[in-house]
Protein chains: 2
Amino acid sequence: MTRYQHLATLLAERIEHGLYRHGEKLPSVRSLSQEHGVSISTVQQAYQVLETLQLITPQPRSGYFVAPRKAKPPVPAMSRPVQRPVDVTQWDEVLTLLDARTDKEIIAFGGGAPDLNQPTLKPLWKEMSRIAQHQVMDALSYDPLPGQQELREQVARLMLDGGTSLNAEEIVITAGCHPALSLALMAVCDPGDIVAVESPCFYGTMQLLRGLDIKAIEIPTDPETGISIEALELALEQWPIKGVILVPNCQNPLGFIMPEARKKAALSLAQRHDIVIFEDDIYGELATDYPRPSTIKSYDIDGRVLLCSSLTKTVAPGLRIGWIAPGRYLDRVIHKKYAAIGTNVPSTQLAVAAFIRDGHYHRHVRRMRQVYQQRLAVYTCWVRQYFPCNICVTRPQGGFLLWVELPESVDMVCVSRALCRLKIQIAPGSLFSASGKYRNCLRLNCALPPDEERREAIKQLGATIHNALEE
Amino acid sequence: MTRYQHLATLLAERIEHGLYRHGEKLPSVRSLSQEHGVSISTVQQAYQVLETLQLITPQPRSGYFVAPRKAKPPVPAMSRPVQRPVDVTQWDEVLTLLDARTDKEIIAFGGGAPDLNQPTLKPLWKEMSRIAQHQVMDALSYDPLPGQQELREQVARLMLDGGTSLNAEEIVITAGCHPALSLALMAVCDPGDIVAVESPCFYGTMQLLRGLDIKAIEIPTDPETGISIEALELALEQWPIKGVILVPNCQNPLGFIMPEARKKAALSLAQRHDIVIFEDDIYGELATDYPRPSTIKSYDIDGRVLLCSSLTKTVAPGLRIGWIAPGRYLDRVIHKKYAAIGTNVPSTQLAVAAFIRDGHYHRHVRRMRQVYQQRLAVYTCWVRQYFPCNICVTRPQGGFLLWVELPESVDMVCVSRALCRLKIQIAPGSLFSASGKYRNCLRLNCALPPDEERREAIKQLGATIHNALEE
């Protein structure tokens, strides 16, 4: 974190805690500069950040004042999905969203791509170039079926941060978290089986279920504490459910982190009903709090948790590097990997193994955690400013996704069609439900810099929603 | 091809056609050098090649003589598999073979890896390095679901050589031929379905069937002309078969190219019985004859041929670049790609698209066709020399694989265990049958240079087989 970002965070916290009160004049630039031993321009930059966040307002010739405290929009209530097994729909809608990836003119808030334009990624490019220049033969050869040994060792080291102690041999490299989950489902389920999911749930995960002919049962989920353990238990008593897919850390799209007690409760429920947990930790490393929250896998004693993750959100999607720690399903996962997907690209594995080994990964993730936290704050601010006032917004505890719930009458599927013409893309909430619920919701990707172009796009988005409300 | 290789081929052809007869003295080095306008050392190198191939023998102080013509071992007869649908077995045996990939001390004749140590691959390394040095952002971004547009266009151009005229939009990039076939099977079949295969058939393909719970029915196949159309027809009349997997060009493991009339007959049979053809063209570009043989897809008029191929054998396995032209199943393949496997690594696609566009691919493949042809000749020679005499050996029309049939009493599964201790790896024939037939056969990978170490290994292999015969 740069100095001015550090200072801005410090001041924002003081305002948050009431040390500087509404309407109060803030210290002068000069005095802050002396107090913190930083340059005048650093203080000025910090104040600009706070102004963008609408925490302070400048008054000509008098300095900065604490802005009137606007009530934060409430968090959405616990979701109320249809609680019976259903076939996943929404494929055409997902395909439309994916197709827009290639149109570079679109301002994309719809997908899940991270920011790749960061100086801390330079060592990765350098390593990729080194491998090509030295013609490292392994880069063009067949990959070992479980992936490059060196990378598996580095991943085992990373997993310690989430409390999971495994050796490299218990980890299988995959081309992302998506194929990791696919393998996990293939290893455990047969066509026609039922799997429980959080509601809302990432559309890609639900399309995996559809592809494997598995039925989804959506479980009520709280945007601050996660899946309702009670509702899950009820479902387990009613239906022959094979497993539950959980994203306990920085869930997509809601951004919550399950409290540790709930993680343990979910696991002990799984044990009692002898089901498996498919744990998706793809955003776990981007949790705002440090050290990062633990995985459910870290409490697993009998190998029933299949932990899936990747470097897609933390480093880059184009690496296609993920992994699965499949517990007791290791042999089945290895077979399914060969018998459905095949081996991986070695060159990106070799590059990333060095990137992690040499400490560049941790430096990069540390930076991105803070970058995304600030960006989420700015985009939240804009949503509050440009969207109708009777909305609910999540308070993500990490990652870079925001979930907005609009009044029931707004149909985001229609709105998103209108937005297409404006070259603005969002993900309508219906994608995140097996049966197309949440049409009055949307997910916003806040990974990219909140510049003027994007502020303008959020403004237009707000205007389009206002129009939809009035119709 | 270098000058001496060119000259060696020319002389070998003259011997083959009887222009120089058995026992006849060959022209002196000096006179050949004058006749062909090449250096003395070029002629000497050419004569060395012919000596290795046992076509000529040196006699001290008199020069080179045409060697006594040894009868070539016969080609194996038409295969006679069990002709009913069975579950594919042999997974543990395949896994053992795959695991050996990582042991660099093993002399590997078992796998299907090509030779990567070739100067014509330099432009590919250069392009990979250029992408990393210029930090081409697309390399780290999400790949479009059907793959990089530029690569799809280059693949469409390549496919013209096999007689297939398609546009880029009809092609989906995959991480190799293996996932391409996997997608093809997923798009067409359900668990419990029956698919016909050539017998013997590549073990990887059969494990795909196993992974998807599809039954295999093995069809008698001739090592020189391919699958028996009559036997296939009989099977189609008896069983509800969904499709047939064919490798019409340089089949793995037999090396045949189906005559064009048979390709057409197979297609018209598929039309009459309304089944699909899964066409695997992975070795097609390595056919000895130029121009390359056509694909069955090139005769397809109603989109029932799903053509799968890759750059694994022609360029490098580590690129993980393959494709599928799925005909009428395009939409289903796109969905299955998202819903089971996910997107691909863009960086290798970008590098290879440039490699093809700039003409390096064709130069490389032209070279490798000849390199592998010569190596196959040398390894065939060694097999004749060191193996028992009552064997059958294929005469591959391309690729780099040799299939050897030993007397019934030899169990190559046991022999391969003995070979393990000698750090020599072959692929026992049983892997190439759904039910573990062909235990008296083996497949030899002849892609790597026939140097002294490998000659010694083939010699040891021969000795081990001799021992097994005597037991």
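Rules used in this analysis
Residues numbered from 1 in each chain as written. Chains lettered and ligands numbered in written order. Predicted model: local features only at pLDDT ≥ 70, side-chain atom pairs only at ≥ 80, totals over all residues. Heavy atoms only, no water. Contact = heavy atoms within 4.5 Å. Buried area = accessible area lost by both parts, 1.4 Å probe. Salt bridge = Lys/Arg side-chain N within 4 Å of Asp/Glu carboxyl O. Polar contact = N/O pair within 3.5 Å; in protein donor to acceptor, adjacent residues only side chain to side chain. Helix = DSSP H or I, 4+ residues; strand = E, 2+ residues; numbered from the N terminus. Nonpolar A, V, L, I, M, F, W, Y, C, P; charged D, E, K, R; others polar. Core = buried A, V, L, I, M, F, W, Y, C linked by side-chain atoms within 4.5 Å. Buried < 20%, exposed > 50% of the residue type's maximum accessible area, 1.4 Å probe, protein only. Least-squares fit on C-alpha atoms with pLDDT ≥ 70 in both. Phe/Tyr/Trp six-rings, centres within 6.5 Å; stacked < 30°, edge-to-face > 60°. Axes fitted to C-alpha atoms, helices over the stretch in contact; angles between N-to-C directions. Parallel < 35°, antiparallel > 145°, perpendicular 65-115°, else oblique. Left-handed = near helix turned anticlockwise from the far one by under 90°. Expected span 1.5 Å × (residues − 1). Pairing = 2+ DSSP bridges.

- If you check an unreviewed UniProt entry, chain A appears there as GntR family transcriptional regulator from Kosakonia cowanii JCM 10956 = DSM 18146.

Digging into the interface of chain B and chain A
And step 1. Of the residues lining the interface, 64 residues belong to chain B; the matching set on chain A comes to 64 residues.
And step 2. Together, the buried faces of chain B and chain A total about 5,300 Å²; carbon and sulfur atoms form 66% of this surface.
And step 3. The largest per-residue losses of area from chain B upon contact with chain A belong to Trp125(B), Leu140(B) and Tyr142(B), which jointly make up 18% of the total buried on that side.
And step 4. Our count for the chain B to chain A interface comes out at two salt bridges.
And step 5. The closest approach of N and O atoms between Lys104(A) and Asp138(B), which form a salt bridge, is 2.8 Å.
And step 6. The interface formed by chain B and chain A includes 20 residue pairs in polar contact (both at pLDDT 80 or more).
And step 7. Mapped onto the side of chain B that touches chain A, the elements with two or more residues apiece are helix H4 (91-99), helix H5 (122-133), helix H7 (177-188), helix H8 (203-211), helix H11 (330-341) and helix H12 (346-357) of chain B.
And step 8. Along the lines of polarity and charge, the residues of the side of chain B that touches chain A split into 35 nonpolar, 20 polar and nine charged.

Comments concerning the nonpolar core
Side chains of a nonpolar character, in soluble globular proteins, are inclined to be buried together.
And step 1. Counting 232 residues, the largest nonpolar core has Leu124(A), Leu185(A), Phe278(A), Leu124(B), Leu185(B) and Phe278(B) as its most contacted members.
And step 2. Once residues lying within four places of it in the same chain are set aside, the contact partners of Phe278(B) are Leu181(B), Ala184(B), Leu185(B), Val188(B), Cys189(B), Val195(B), Gly243(B), Val244(B), Ile245(B), Leu246(B) and Leu306(B).
And step 3. Counting 46 residues, the second largest nonpolar core, distinct from the first, contains Leu7(A), Ala8(A), Leu376(A) and Val410(A).

Thoughts on the relation of the copies chain B and chain A
And step 1. For the match of chain B to chain A, the screw axis carries a shift of 0.0 Å, the RMSD comes to 0.1 Å, and the turn is 180°. The two molecules are tied by a two-fold rotation axis, judged by turn and shift. Relative to the rotation axis, the C-alpha of Ser129(B) is the closest in chain B, positioned 2.3 Å from it.
And step 2. Comparing contact sets, 100% of the residues at the interface of chain B also lie at the interface in chain A, consistent with an isologous, same-surface contact.

Some remarks on the packing of aromatic side chains
All names here are of chain A.
And step 1. This structure, assessed with the given rule, holds 20 aromatic pairs over all chains.
And step 2. With a centroid separation of 6.2 Å and 75° between ring planes, the pair formed by Phe109 and Tyr379 is classed as edge-to-face. Highlighted residues: Phe109 in the loop between strand S3 (107-108) and helix H5 (122-133) and Tyr379 in helix H13 (residues 360-386), separated in sequence by 270 residues. With respect to class, Phe109 is no different from Tyr379; both count as buried.
And step 3. Relative to Phe400, the ring of Tyr283 has its centre 5.6 Å away and its plane inclined at 75°; by these criteria the two rings are edge-to-face. In this pair, Tyr283 is assigned in the loop between strand S9 (276-280) and strand S10 (305-310) and Phe400 in the loop between strand S12 (392-393) and strand S13 (401-405), connecting sequence segments 117 residues apart. Per residue, the accessibility class of Tyr283 equals that of Phe400, and both read buried.

Considerations on the environment of Gln238(B)
All names here are of chain B.
And step 1. Within the element layout of this structure, Gln238 appears in helix H9 (residues 229-238).
And step 2. Residue classification places Gln238 among the exposed positions, given a relative accessible area of 57%.
And step 3. Taking C-alpha positions, Gln238 is 20 Å from Ser435, a pair spaced 197 residues apart along the chain.

A short note on the packing of H5(B) against H12(B)
Residue and element names in this part refer to chain B.
And step 1. Where H5 meets H12, the axes come as close as 9 Å, and the angle between the chain directions of the two elements is 130°. By the criterion of interaxial angle, the relationship of H5 to H12 is oblique. In this structure, H5 meets H12 at a crossing whose hand is right-handed. Of H12, the residues touching H5 (which contributes Pro123, Leu124, Glu127, Met128 and Ile131) are Ser347, Leu350, Ala351, Val352, Ala354 and Phe355.
And step 2. Residues belonging to the contact of H5 with H12 are distributed by class as follows: nine nonpolar, one polar and one charged.

Some thoughts on H7(B)
Residue and element names in this part refer to chain B.
And step 1. Between the first and last C-alpha of H7 there are 17 Å, a value that for 12 residues agrees with the 16 Å anticipated at 1.5 Å per step.
And step 2. Of all the 12 residues making up H7, 12 are buried; the element is thus mostly covered by neighbouring parts of the structure.
And step 3. Those residues of H7 that fall on the buried side of the exposure criterion are Cys177, His178, Pro179, Ala180, Leu181, Ser182, Leu183, Ala184, Leu185, Met186, Ala187 and Val188.

Overview of the pairing of strand S1 (residues 56-59) of chain B
Here is the key point about a regular strand: its side chains alternate between the two faces of the sheet.
All names here are of chain B.
And step 1. Sheet analysis places S1 next to strand S2 (residues 63-66), joined by four bridges and oriented antiparallel. Directly across from Ile56, in S2, lies its bridge partner Val66.
And step 2. Between the end of S1 and the start of S2, which pair antiparallel, lie three residues, with Arg61 showing a positive phi angle near 65°.

Remarks on the sheet that holds S12(A)
Strand pairs in the sheet, formed through backbone hydrogen bonds, run parallel or antiparallel to each other.
Residues and elements named next belong to chain A.
And step 1. Spatially, S12-S13-S16-S15 is the arrangement adopted by the four strands of the open sheet, whose pairing is antiparallel. Since the sheet does not close on itself, it has two edges, and those belong to S12 and strand S15 (427-428), each with one partner.
And step 2. Strand direction decides the pairing type here: S13 and strand S16 (residues 441-445), joined by five bridges, are antiparallel. Looking at S16, one finds that Leu401 is bridged to Asn445.

A closer look at the side chain of Asn440(A)
Residue and element names in this part refer to chain A.
And step 1. With respect to the helices, strands and loops of the structure, Asn440 is situated in the loop between S15 and S16.
And step 2. Take Asn440: its relative accessible area is 10%, and that puts it in the buried class.
And step 3. Those residues in contact with Asn440 that lie beyond four places of it in its chain are Val404, Glu405, Leu406, Pro407, Glu408, Val410 and Met412.

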